[in-house]
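Fold and geometry: a report
What follows is the residue order along each chain.
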Amino acid sequence: MGQFIKIAQTNERASGEARLIEIEGRRIALFNLSGAFYAIDDVCPHRGGPLSEGDIEGDVVTCPWHGARFRIPTGEVLSPPATQGVASYSVRVRGEEVEIEV
C-alpha cells in the first residue's frame, strides 16, 4: 500500500477535463468526471500518446495519436490499436484537495 500525495485542488479542472500530473517519474492523467476524480497512466501503451490530451466522452478517453480508447475509472482498453490497458490509481478528495495513492 502506497501513500497519498496531494496533486490538485478540486476547482482546478471542470467536469470533463483532464490534466497531466508527474509524480516520482510517472506521467499520470487526472480526470474530473462530474466531480468524481480518477487517475490512470498518461502514456498510451500503443505508441506513447498522452491520454491527458485525449477526447473524453462519458467515462472513456480516446488517445489523440491513434484512437485507442480506455475506460477512465479502470484503465481498461476498449479498442485498438492498443492491446492492453493502463494502470489506474486510487484517488481521494479531502476537503478541496485531490490526493493520489502512489
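This one's a predicted model, so the numbers in the text were calculated from it and none came from an experiment.

Details of the side chain of Ser79
- Counting through the fold element by element, Ser79 comes out in strand E8 (residues 77–79).
- A polar contact is formed between the side chain of Ser79 and the backbone nitrogen of Arg69, at a distance of 3.3 Å.
- Not counting the four nearest positions on each side in its chain, Ser79 is found in contact with Gly67, Ala68 and Arg69.

A look at the pairing of strand E11 (residues 97–101)
- In terms of residue burial, E11 counts as a mostly covered element, since 4 of its 5 residues are buried.
- As defined by bridge partners, strand E10 (residues 91–94) adjoins E11 across 4 bridges and the pair is classed as antiparallel. Its bridge partner lying in E11, Val91 is registered against Ile100.
- Connecting E10 to the antiparallel partner E11 that follows it, the hairpin turn spans 2 residues, and Gly95 within it adopts a positive phi of roughly 65°.

Basis of the calculations
Residues numbered from 1 in each chain as written. Predicted model: local features only at pLDDT ≥ 70, side-chain atom pairs only at ≥ 80, totals over all residues. Heavy atoms only, no water. Helix = DSSP H or I, 4+ residues; strand = E, 2+ residues; numbered from the N terminus. Polar contact = N/O pair within 3.5 Å; in protein donor to acceptor, adjacent residues only side chain to side chain. Contact = heavy atoms within 4.5 Å. Buried < 20%, exposed > 50% of the residue type's maximum accessible area, 1.4 Å probe, protein only. Pairing = 2+ DSSP bridges.

Just geometry here; none of it tells us what the structure is for.
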